[in-house]
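Take a look at the letters that make up each chain.
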There are 2 protein chains.
Amino acid sequence: MRDRILETAEKLFWRYGVKSVTMDDMARELGISKKTIYQHFADKDAIINEVVGMELSCERSDISQLEIEAQNPVDEMLQASRYLSKELASMNPVLLYDLKKYYPKAWNLFQAHKQQHMMKSIRRNLEQGIALELYRPDLNVEILSRLRLEQVEMAFDPSIFPPSRFSMIDVQMEFLHHFLRGLLTEKGFQLYNHYLEQSAIEPNNP
Amino acid sequence: MRDRILETAEKLFWRYGVKSVTMDDMARELGISKKTIYQHFADKDAIINEVVGMELSCERSDISQLEIEAQNPVDEMLQASRYLSKELASMNPVLLYDLKKYYPKAWNLFQAHKQQHMMKSIRRNLEQGIALELYRPDLNVEILSRLRLEQVEMAFDPSIFPPSRFSMIDVQMEFLHHFLRGLLTEKGFQLYNHYLEQSAIEPNNP
């Protein structure tokens, strides 16, 4: 039952954001009483923290897998872009904003994940790309890894990209390709163009 | 006297930020009494608003001039980077942050300037670059112009780039060159590299 509650909560948060989903909504969706939910979780905050924690550790494991499988830093960045767009396809962009505004504990989980895991992953990607001469040797890794981290979050900011005018996935994809292109050497560009051509002929890999 | 007060205030704000400069500091620097300052300005806020307004209209005029003189969008972006680094060289990075946190009216002046003039200037640069085939035809102008605007501000954010670890000019220059490279076509790259080589042999134009 505990797991079913978490799964359902995740599904609802993903679809409607966190703020607007009540304990009543969860009980209704699960076809159980609120009392049963409270037997497993003290309050909505407890559910949110657990869902966010699970989601982040799931993302960490997916990204580690992707790092192992990627052929090189350019491939890794492009695979990460496909992963991101698949993950975000069904996500209400208000979700992250809700956390930031109303659920500081869950937001801190996300911030810690960002500062530790995402930062490490981006930094390693940049360093490897420079070593392989796919990225410019004069990149400032510290500055650009921070830029990339902030870009991911900026795409969620409704004051910059109002959801009525922008699709969050379009923003994320535009950011990622622009970010990657800004790093590339001539050798890197050849590889990047090669991957783009390849994915253009695979109909299921836009 | 009014102009002298404004000039001195600007100099002090630039050097120390806005929050830490008092009316006493200004009077001392000017060698006049506070009473004389109050004959011209109701309070510190009035001075700040006027200084920020002047600064922004001065920047608008410099940027318009630069737009007229630039040979093409790549040249314009590089000239803007030189202008920016000259402007910021003597500026305490805390300045913008002070405005955002403590002086909402002056901050709104900056935001309006950003949304109207800076946005228009960047958007026009991107559109012109695409038309001249210096920038990729598939750029999303709406998304990337917003990214560029936010980057300028992000470089001032002490929670992302603590002044003890980062020079704000380094951050701005890294951002600008990375942003520009992410836009370029092959033809654009040739021009960009040409300008970089040129500026490398002109000792006064780093």
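Since this is a predicted model, take the numbers as computed values, not measurements. (Residues numbered from 1 in each chain as written. Chains lettered and ligands numbered in written order. Predicted model: local features only at pLDDT ≥ 70, side-chain atom pairs only at ≥ 80, totals over all residues. Heavy atoms only, no water.)

### Concerning the interface of chain B and chain A
Interfaces are often sized by the amount of accessible area the parts lose when they come together. As a reminder of what qualifies: The contact criterion used throughout is that any non-hydrogen atoms of two residues lie within 4.5 Å. Buried area: the accessible surface (1.4 Å probe) lost by two parts on joining, summed over both. A pairing counts as a salt bridge when a side-chain nitrogen of Lys or Arg comes within 4 Å of a carboxyl oxygen of Asp or Glu. We call two N or O atoms a polar contact when they sit within 3.5 Å, provided that within protein one can donate a hydrogen and the other can accept it, with sequence-adjacent residues counted only if both atoms are side-chain atoms. Under the scheme used here, helices are H or I runs from DSSP no shorter than 4 residues and strands are E runs no shorter than 2 residues, and both carry numbers assigned from the N terminus. Residues are sorted three ways: Asp, Glu, Lys and Arg are charged, Ala, Val, Leu, Ile, Met, Phe, Trp, Tyr, Cys and Pro are nonpolar, and all the rest, Gly among them, are polar.
Residue-level contacts link 27 residues of chain B with 27 residues of chain A. Carbon and sulfur atoms make up 69% of the surface buried where chain B meets chain A, a total of about 2,400 Å² over both sides. Counting across the interface, chain B meets chain A through 2 salt bridges. Salt-bridge contacts for B:E142 lead to A:R165; the nearest nitrogen and oxygen are separated by 3.5 Å. In this assembly, chain B and chain A are joined by 6 residue pairs in polar contact (both at pLDDT 80 or more). Of all elements in the fold, only helix 8 (141-154) and helix 9 (168-181) of chain B reach the threshold of two or more residues within the side of chain B that touches chain A. Among the elements that make up the side of chain B that touches chain A, the one with the highest residue count is helix 8 of chain B (8 residues). Of the residues assigned to the side of chain B that touches chain A, the class counts are 14 nonpolar, 4 polar and 9 charged.

### Comments concerning the UniProt feature "domain: HTH tetR-type" (unreviewed entry) in chain A
The test is simple: UniProt positions are given in the numbering used here, feature names are shortened, and annotations may be inferred rather than shown by experiment.
UniProt feature "domain: HTH tetR-type" (unreviewed entry): in the numbering of this structure it lies at residues 1-59 of chain A. In residues 1-59 of chain A, helix accounts for 78% and strand for 0%; the two terminal C-alpha atoms are 23 Å from one another.

### Some thoughts on the pattern of salt bridges
All names here are of chain A. What counts is decided by this rule: Per-residue accessibility, obtained with a 1.4 Å probe over protein chains only, is compared with the maximum for each type, and a residue is labelled buried under 20%, exposed over 50%, and partly exposed between these values.
According to the stated counting rule, one finds 24 salt bridges over all chains in the structure shown. Residue R28 is joined to D25 by a salt bridge in which the shortest nitrogen-to-oxygen separation is 3.3 Å. Of this pair, R28 and D25 both sit in helix 2 (residues 23-30), 3 residues apart, which is roughly one turn of that helix. Note on D25: relative accessible area 23%, which makes it partly exposed. The shortest N-O distance in the salt bridge between E142 and R123 comes to 3.0 Å. Residue E142 is found in helix 8 (residues 141-154), and its partner R123 is found in helix 7 (residues 104-131); the two are separated by 19 residues along the sequence. Judged by relative accessible area, E142 falls into the partly exposed class, the value being 24%. Residue class for R123 comes out partly exposed when judged on its relative accessible area of 24%.

### Quick word on the side chain of A:R136
The topology assignment puts A:R136 in the loop between helix 7 and helix 8. Looking at A:R136, the relative accessible area reads 7%, which means it is buried. There is a polar contact of 2.9 Å between the side chain of A:R136 and the backbone oxygen of A:G182. Setting aside residues up to four positions removed in sequence, A:R136 forms contacts with A:I130, A:G182, A:L183, A:L184, A:T185, B:H178 and B:R181.

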